[in-house]
Amino acid sequence: LINTYSDFLEIEFYKELKLNEELGKLQKLDEEFVNYKFKIAVVGEFNTGKSSLINSLIGTNILPEGIIPTTNQIVIIENSLNEEYIEKGNDKLNLTKENVQTANKSDENFKIYTKFKQMEDFVFIDTAGTNDPSRLSSEVVFDLIGNVDIVLFLTSAFQPLKATEIKFLLKLVRKKDIEKFFFIINKEDLKTDVEKIEIRDYILDTLSKEFQENKEELKRQIFLYSAKNAQKDIENSKKLVENINEFTKNKCDELLKDLRNRKIKEILGSSFNKVDYLIETLDGRSKEYENDLTLEEANKDFKT
């Protein structure tokens, strides 16, 4: 595609389209996939242990428990090989829990750069509770789910996939997107082995029914977890990390292909709109090209 766009830029007829912008986007996209980092959104109702989960996954206790993102706010946590800091707008703050809480007091999104002890190739996105529409609108959630590679959806072992959570999933999650969900049942330490099996079976039955998904496929997307014991139960945290890594690896080619296709489609759509607009505005100038190719042929040639 980059070569094709470069060739078209040399053709007199297409110079009016000013395709440099689209070519630049394609080149940037190419660079992004060389060192691509998977984006993981952590989603769930308020007080399900999202911050504790992120802390245990990256291996550093940087997010204060009980952090409450404000209206439509998301917090991005990315691995840093060197300096650790908070980026909020044009401001750069030292990375401390106090500064994280300060940055969290406005509606503006912010990023945290810290040194991960594991899962270095991932970018985490923390969100407000899905059961509080005043803090996280449907539009933000829908766009977020569509633009990340994996969603970690937290639910409680005491009320696994309750009515409000199912409503959220059915309203905002497209059938194809459910394949990128990883369901984590928190507070498993407070349940017996028999209860854990019953909870897993209930979630499998519910998801299979609502999204017409194969139960065998869904099994690898469900994990029992304890945020409370995350720091003590290192083995359980490691097991969760391994599961997410395996889940990501299995989905890697499919996820990247889907992401590439979506972004390329957007770039091509912009180009096609320019072609259509040019044809509509050329008027009498079309005679200049009449002997070589018609406008319809030019349009078809470019789209091909």
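Residues numbered from 1 in each chain as written. Predicted model: local features only at pLDDT ≥ 70, side-chain atom pairs only at ≥ 80, totals over all residues. Heavy atoms only, no water.

Next up on the list: the pattern of salt bridges. Evaluation of the coordinates by the stated rule reveals nine salt bridges. In this structure, Lys111 engages Glu78 in a salt bridge whose closest nitrogen and oxygen atoms are separated by 3.3 Å. Here the residue Lys111 occupies a position in strand 5 (residues 110–114), and Glu78 occupies one in strand 2 (residues 74–79), the gap between them amounting to 33 residues. Between Lys219 and Glu216 there is a salt bridge, and its shortest N-O distance comes to 3.1 Å. Here Lys219 and its partner Glu216 are both found in helix 9 (residues 215–219), three residues apart, which amounts to about one turn of the helix. The exposure class of Lys219 is partly exposed, given its relative accessible area of 39%. Accessibility expressed as a relative area gives 54% for Glu216, which makes it exposed. A single network of salt bridges, built from pairs that share partners, joins Glu188, Asp193 and Lys196. (Salt bridge = Lys/Arg side-chain N within 4 Å of Asp/Glu carboxyl O. Helix = DSSP H or I, 4+ residues; strand = E, 2+ residues; numbered from the N terminus. Buried < 20%, exposed > 50% of the residue type's maximum accessible area, 1.4 Å probe, protein only.)

Right, let's get into the packing of aromatic side chains. Aromatic ring pairs: the centre-centre distance and the angle between the two ring planes describe each pair. Tallying each qualifying case throughout the model produces seven aromatic pairs. With a centroid separation of 6.1 Å and an interplanar angle of 55°, the aromatic rings of Phe116 and Phe124 are classed as tilted. Among the aromatic side chains, those forming a connected cluster through ring pairs are Phe153, Phe168, Phe181 and Phe183. (Phe/Tyr/Trp six-rings, centres within 6.5 Å; stacked < 30°, edge-to-face > 60°.)

In this section: the nonpolar core. In globular proteins that are soluble, nonpolar side chains generally tend to be buried together. Ranked by size, the top nonpolar core spans 53 residues in total, and within it Leu53, Leu57, Ile77, Ile112, Phe124, Leu152 and Leu240 carry the most contacts. Of the residues forming this core, the biggest block, 10 residues, is contributed by helix 10 (residues 234–282). If we ignore the near neighbours within four places in the chain, the residues touching Leu240 are Leu53, Leu57, Phe182, Ile184, Phe223 and Tyr225. Val173, Ile178, Ile199 and Phe211 belong to the second-largest nonpolar core, a separate cluster that totals 29 residues. (Core = buried A, V, L, I, M, F, W, Y, C linked by side-chain atoms within 4.5 Å. Contact = heavy atoms within 4.5 Å.)

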